[in-house]
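Chain by chain, the residues:
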Amino acid sequence: MTQTIGIIGSGLVGGAVARLAVDAGYRVVLSNSRGPETIAHLIAELGPLARAGTVDEAIAAGDIVALPLPLANFEALPADKLAGKVVIDQTNYYPEFWRNTELDNAELTSSELVQRHLRGSLVVKALHNLDWNHMYSNARPKGDPGRTTMPIAGNDAAAKERVTQFLEAVGYDVVDAGPLAESWRIEPETPIYFWPYAPAVPDGLTADEQKSAYLGHPVPPVSPDAARKMIDSAVRTSPVGGTLAAMPPAHVAIFMDLASGNTVQK
Ligand SMILES: NC(=O)c1ccc[n+]([C@@H]2O[C@H](COP(=O)([O-])OP(=O)(O)OC[C@H]3O[C@@H](n4cnc5c(N)ncnc54)[C@H](OP(=O)(O)O)[C@@H]3O)[C@@H](O)[C@H]2O)c1
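Throughout, residues of each chain are indexed from 1 in the direction in which the sequence is written. Predicted model: local features are reported for residues with pLDDT of at least 70 only, side-chain atom pairs are reported and counted for 80 or more only, and whole-chain, interface and lining totals are derived from all residues.

Student: Explain the overall build of the protein chain residue by residue, including any values.
Tutor: Each helix and strand in the protein chain was counted, giving 11 helices and eight strands. Our radius of gyration is a C-alpha quantity, and the globule rule it is checked against amounts to 2.2 Å times the number of residues to the power 0.38. Relative to the compact-globule value of 18 Å for 266 residues, the protein chain shows a C-alpha radius of gyration of 17 Å, a close match. Taken over the C-alpha atoms alone, the protein chain extends approximately 50 × 45 × 40 Å along its principal axes. Sorting the 266 residues of the protein chain into buried and exposed places 45% on the buried side. The contact criterion used here is simple: two residues whose C-beta atoms, placed from the backbone, lie within 7 Å are in contact. Pairs at least 24 apart in sequence give 69% of the contacts found in the protein chain among residues at least 6 apart. Only DSSP runs of H or I reaching four residues or more are called helices, and only runs of E reaching two or more are called strands; each is numbered from the N terminus. Whether a residue is buried, exposed or partly exposed is read from the other C-beta atoms within 10 Å of its own C-beta, which are placed from the backbone; 20 or more gives buried, 12 or fewer gives exposed, and intermediate counts give partly exposed.

Next up, the structure:
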């Protein structure tokens, strides 16, 4: 039977996950904070496997539920309705936008924080460590020499297997980084975060050329062995969390362009 991915968040990342999923033959139910009618254009673009719904409808329909929404909003997620669901945590901690003392003190990882709120859910951290553009454009079918590898982390083996099957179907090999307590190994500022999935942008380009190169240049794949080495070599960051200053500059520039209503030509 065709599986359905419920998606809570229909922005940059929510759109990328939806595109990956429908391309692989999954149904998707996309939701956001403003209501289903606000994403009619995205649903039309995604085609007949996609529909818009409320958050509750996305949860009810989802065999897996993805969370591409700001970490700052995790407590708005309805834990009772998500109980029993396999949940993909795509959030990341950026203290310049939102601060949490327990995270700052490294008392738990951001995905443990999400799991603690979603007490009855099976949280798997995944599809959080690359730009929304590359999340879609880096995907390759099994056996393709350009296929790259994604890390996941989670406390439940069966849930991790479900998410692994999903990632493999949409275009990625997968390595297991361990339980959520170890998910700091794949958080912002670690070796496997963002940079391995982004193309090298040559020096000497104008700002617009840099953005085009970032979007258009091919990205060498990360092998499962290389992913494993990056995970194993990670050091827990202090202070905790990511910064925009440590992101690929073209990612930040494209993000800022979108926020101000500009578009980027590939
Ligand atoms: N941008 C990236 O390249 C990237 C890559 C990897 C991971 N991430 C992570 O992915 C998450 C989303 O990033 P994004 O760039 O896609 O953000 P975005 O474009 O701002 O989209 C966020 C979405 O979350 C929805 N939302 C917010 N609060 C909600 C709530 N309480 N209930 C339902 N929906 C809610 C928003 O709804 P409305 O549309 O109604 O406002 C919006 O659709 C963040 O945690 C980010 O750290 C981002």
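Student: Could you give an account of the site of the ligand, naming the residues involved and the relevant values?
Tutor: Here, nearness is defined through the C-beta atom: a residue counts as near a molecule or strand if that backbone-placed atom lies within 6 Å of it. In the region of the ligand, 24 residues are neighbours, and G9, G11, V13, N32 and L69 sit closest. It is helix α1 (residues 12-23) that contributes the most residues to the shell around the ligand, three residues altogether. Nonpolar residues are Ala, Val, Leu, Ile, Met, Phe, Trp, Tyr, Cys and Pro. Charged residues are Asp, Glu, Lys and Arg, and all others, Gly as well, are polar. Counted by class, the shell around the ligand contains 10 nonpolar, 12 polar and two charged residues.

Student: Before we move on, can you summarise the packing of helix α9 (residues 207-216) against helix α11 (residues 249-259) with the specific residues and values?
Tutor: Helix packing geometry: the angle between the two helix axes and the distance between the axes. Note on geometry: axes are lines fitted to C-alpha atoms, helical ones only across the stretch in contact, with angles between N-to-C directions running from 0 to 180 degrees. Contact geometry of α9 with α11 gives a least axis separation of 9 Å together with a crossing angle of 105 degrees. Between α9 and α11, the angle falls in the class roughly perpendicular. The segment α9 lies against α11, with A207, Q210, K211 and Y214 engaging A250, H251, A253 and I254. The residue makeup of the contact of α9 with α11, split by class, is five nonpolar, two polar and one charged. Roughly parallel here means an angle under 35 degrees, roughly antiparallel means over 145, roughly perpendicular means 65 to 115, and every remaining angle is called oblique.

Student: Describe the environment of S137, naming the residues involved and giving the relevant values.
Tutor: Following the sequence through the fold, S137 ends up in helix α7 (residues 132-137). Owing to 19 C-beta atoms within 10 Å, S137 belongs among the partly exposed residues under this scheme.

Student: Break down the nonpolar core for me, with residues and values.
Tutor: I7, V28, V87, V124 and V163 are the most contacted members of the largest nonpolar core, which has 74 residues in total. No other element matches α1, which puts six residues into this core. With residues up to four places along the chain from it excluded, the contact list for V163 reads I64, V86, I88, V124, A126 and I152. We define the nonpolar core as any set of buried residues of the types Ala, Val, Leu, Ile, Met, Phe, Trp, Tyr and Cys, connected via C-beta atoms lying within 7 Å of each other.

Student: Account for the pairing of strand β8 (residues 173-176), with residues named and values stated.
Tutor: Note on pairing: two strands pair once DSSP finds at least 2 bridges between them. Examined bridge by bridge, strand β7 (residues 149-154) and β8 share four bridges and lie parallel to one another. Residue pairing for β8: M150 is matched across the bridge by V174. Assignment of crossover handedness uses the view with strands pointing away from the viewer, where a clockwise path from the first strand over the helix to the second indicates a right-handed crossover. Crossover handedness for the path β7 to helix α8 (residues 157-170) to β8: right-handed.

Student: Please set out the pairing of β7 residue by residue, giving values where relevant.
Tutor: Across the six residues of β7, six count as buried, placing the element largely inside the fold. Sheet topology note: the strand β6 (residues 122-125)/β7 ladder contains two bridges and is antiparallel. When the sheet's bridge partners are listed, V124 is paired in β7 with G154.

Student: Mind laying out α1, listing which residues take part and the relevant values?
Tutor: By this rule the span expected of a helix is its residue count minus one, scaled by 1.5 Å. Between its first and last C-alpha atoms α1 spans 17 Å; for 12 residues at 1.5 Å apiece the expected length is 16 Å, and the two agree. When you tally the buried positions in α1, you get nine out of 12 residues, the bulk of the element. One or two residues past the end of α1 sits G25, with phi positive at roughly 95 degrees.

Student: With reference to specific residues and values, describe the environment of I64.
Tutor: Summarising the element assignment, I64 is placed in strand β4 (residues 64-67). Overall, I64 belongs to the buried group, with 23 C-beta atoms counted inside 10 Å. Taking the C-alpha atoms as reference, I64 lies 9.8 Å from L122; in sequence the two are 58 residues apart. Discounting chain neighbours no more than four positions away, the residues touching I64 are I5, V86, I88, R162, V163 and F166.

Coordinates in, geometry out; function isn't part of it.
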